[in-house]
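Inside the fold
Chain by chain, the residues run as shown.
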Amino acid sequence: MVHFLHMADLHLDRPLPLPPGLDDDKQDWLRKAPLRALEKAVTAAVKKQVDFVLISGDIYHKADRSVHAFWAFRNQMVRLSDAAIPVYMIHGNHDPVSAGTNYFKLPANVHVFPPEGEAVWHWTKTGGGWIYGFSYPEPAYTETPYHHYIKQHGGDFHIALLHGQAGSDTSHAPYAPFQPSELRQLQMDYWALGHIHQRQLLMEDPPIVYPGSLTGLTRKETGEKGVYEVRMPSSGRPDLYFLPCADVLQHTVVTSIQHLYHMDEWIQSVKRALPETEAHILLTVQVKGSGRLHQLFRQQREETAAVLESELHSFSCTLMRLDVQTASSTRDTNSPVVQDILDLSGREETRKELDQRLEGLHMHGSIRRHAAFPDEQTKEELLKQAADELLLTLEEEVE
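Here's a quick rundown of the structure. Note that the structure is predicted; figures quoted are calculated from it, not measured.

Cut-offs and rules
- Residues numbered from 1 in each chain as written.
- Predicted model: local features only at pLDDT ≥ 70, side-chain atom pairs only at ≥ 80, totals over all residues.
- Heavy atoms only, no water.
- Helix = DSSP H or I, 4+ residues; strand = E, 2+ residues; numbered from the N terminus.
- Buried < 20%, exposed > 50% of the residue type's maximum accessible area, 1.4 Å probe, protein only.
- Contact = heavy atoms within 4.5 Å.
- Areas by Shrake-Rupley, 256 points an atom, 1.4 Å probe, with all protein chains shown as cover.
- Phe/Tyr/Trp six-rings, centres within 6.5 Å; stacked < 30°, edge-to-face > 60°.
- Lys NZ or Arg CZ within 6 Å of the ring centre and 35° of its normal.
- Pairing = 2+ DSSP bridges.
- Axes fitted to C-alpha atoms, helices over the stretch in contact; angles between N-to-C directions.
- Salt bridge = Lys/Arg side-chain N within 4 Å of Asp/Glu carboxyl O.
- Parallel < 35°, antiparallel > 145°, perpendicular 65-115°, else oblique.
- Nonpolar A, V, L, I, M, F, W, Y, C, P; charged D, E, K, R; others polar.
- Left-handed = near helix turned anticlockwise from the far one by under 90°.
- Core = buried A, V, L, I, M, F, W, Y, C linked by side-chain atoms within 4.5 Å.

Let us now look at the overall build of the protein chain. Helices and strands together make up the secondary structure of the protein chain, namely 11 helices and 19 strands. Counting every position in the protein chain, which comprises 399 residues, the buried fraction comes to 48%. Long-range contacts, defined as pairs at least 24 residues apart, comprise 71% of the intrachain contacts of the protein chain with a sequence gap of at least 6. Here the protein chain has roughly 20200 Å² of accessible surface; of this, 50% comes from carbon and sulfur atoms.

What follows is the structure, given as structure tokens:
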């Protein structure tokens, strides 16, 4: 049996956008979350005495690696070296081998696969096998990667590292595009993937696996983050165990003001939606629906966010963003005036007039240099906001 840890997309020097007003100590602690996650993963590898560790690209977020991030990574590789655990790693689109400078020498236990690709023999206590991989020569590597994985003769296992994207996935740029069915034909026992930040099992036989990013550093990267522990028997399917490593998690709560009459009701709805975790939560709250609280959110948004954050203090939680998408309750009435406003915002003539005005603004050199022309979705939002402002004014006049 071969026993290893699979991680990817560390992005150790990726800047974490934080809300204003945080003290320096908290900012520093939050921004070091990827380094602590890596340290926890290495601790697990040492404690479990794995045969080796696989890192499937994007160790760094920037082509020009920061000294601090490289030094932190090197120190964790030294810990693995002291425990006699080899590391096999590749570089991805964020940290290609053509970019940046390695300011410090990595210990001898770390093997970095070259851009031309190679197969490396690895001995374990019970036998041996082949490990395959290649590093990106430049950031935008868009060739299909199959030619880098020519199966060698012999060996108890064949494991491949690949930083790339399934051809049907349109959520990321098509770097090293592949089809899972094509990877299967290459007859590897395990595909250690990187690039997609959400944990995914594309195929079970053989396992074609994204462990996801080591830490959630954007609002979209929600949920637990970590690494896979893999135990691969000499025959039969490998066993995969997910090991959470991040002590900072991204989480989004979607709430509605529909049928709510008081702010404390809304705050309680946010608290009830928080996940049960020991990790610190970086929280995004979306507020939707129409109702009595709409006017409060629109007119006193910052103060409302401050009150919510004070109520979340005991939850080990930082409010990153309050995203207000509410509408006036006036929208729900059958008033002729309201219907006229809504009808006007949806007319083709209104859309054409908006296009003409936007085009006139965009002719201005300064505006054109600093702002792209709005797409159709943005124009829809502008019209909706305009209608909401009119309805809000109407509501205020009625009151």
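This next bit is on the packing of aromatic side chains. A full pass over the atoms with the stated rule returns 16 aromatic pairs. Relative to F70, the ring of Y60 has its centre 5.8 Å away and its plane inclined at 10°; by these criteria the two rings are stacked. Of this pair, Y60 sits in the loop between strand 2 (52-56) and helix 3 (67-82) while F70 sits in helix 3, and the two are 10 residues apart along the sequence. For the pair formed by Y60 and F70, the shared burial category is buried. Sitting over the ring of W29, R36 keeps its end group 4.1 Å from the ring centre. The ring of F242 has R199 lying over it, and the distance from NZ or CZ to the ring centre is 3.7 Å.

Turning our eyes to something else, we now look at the sheet that holds strand 10 (residues 190-194). Each strand in a sheet pairs with another by means of backbone hydrogen bonds, the pair being arranged parallel or else antiparallel. Pairing within the open sheet is mixed, and its 6 strands lie in the order 5-6-7-10-12-11. Edge positions in the sheet fall to strand 5 (118-123) and strand 11 (200-204), since each has one partner strand and no second. Across the sheet, the mean angle separating the axes of adjacent strands is 20° when strand polarity is ignored. Pairing between strand 10 and strand 12 (residues 207-210): 2 bridges, direction parallel. What sits directly across from A192, in strand 12, is V209.

Moving on, we come to the environment of V87. Along the chain, V87 turns up in strand 3 (residues 87-90). We classify V87 as buried; its relative accessible area is 0%. In this view, V87 contacts V53, I55, M77, L80, N109, V110 and H111; residues no more than four positions away in its chain are not counted.

If you walk across this open sheet you meet the 3 strands as 15-16-18, and the pairing is parallel. A strand with exactly one partner marks an edge of an open sheet, and here the two such strands are strand 15 (248-256) and strand 18 (317-324). The mean angle between the axes of side-by-side strands here comes to 20°, regardless of whether they run parallel or antiparallel. Here strand 16 (residues 280-288) runs beside strand 18; their pairing, made up of 7 bridges, is parallel. Note that in strand 18 the partner of L283 across the bridge is L319.

Applying the stated criterion across every chain yields a total of 7 salt bridges. One salt bridge in this structure joins K32 and D28, with 3.2 Å as the shortest N-O distance. Note that E229 and R231 form a salt bridge whose closest N and O atoms lie 3.1 Å from each other.

Where helix 2 (residues 33-48) meets helix 3, the axes come as close as 10 Å, and the angle between the chain directions of the two elements is 10°. Classed by the angle they form, the pair helix 2 and helix 3 counts as roughly parallel. Contact with helix 2, carried on its side by L35, L38, E39, V42, T43, A45 and V46, involves H68, A72, F73, Q76, R79 and L80 of helix 3 and no other residues of that element. Tallied by class, the residues present in the contact of helix 2 with helix 3 amount to 8 nonpolar, 3 polar and 2 charged.

Okay, the packing of helix 5 (residues 263-272) against helix 7 (residues 301-311) next. The N-to-C vectors of helix 5 and helix 7 enclose an angle of 50°; their axes lie 11 Å apart at closest approach. In terms of orientation, helix 5 lies oblique with respect to helix 7. Crossing angle aside, the handedness with which helix 5 passes helix 7 is right-handed. On helix 7, the residues that touch M263, W266, I267, V270 and K271 of helix 5 are T304, V307, L308 and E311. Residue classes in the contact of helix 5 with helix 7 are distributed as 6 nonpolar, 1 polar and 2 charged.

Moving on: the pairing of strand 14 (residues 239-244). Bridge count for strand 13 (residues 226-232) against strand 14 is 6 bridges, and the pairing is antiparallel. Within strand 14, the position partnered with V230 by the bridge is L240. Hairpin connection between strand 13 and strand 14: a loop of 6 residues separates the two successive antiparallel strands, and G236 in this loop has a positive phi of roughly 95°.

Judged by nonpolar contacts, the single largest core of 30 residues is most densely connected at L10, V53, I55 and F73. For this core, the elements supplying multiple residues, two or more each, are strand 1 (2-7), helix 2, strand 2, helix 3 and strand 3. With 7 residues, helix 2 is the largest single contributor of residues to this core. Apart from the residues lying within four places of it in its own chain, the contact partners of I55 are M7, L10, F73, M77, V87, Y88, M89, I90 and L161.

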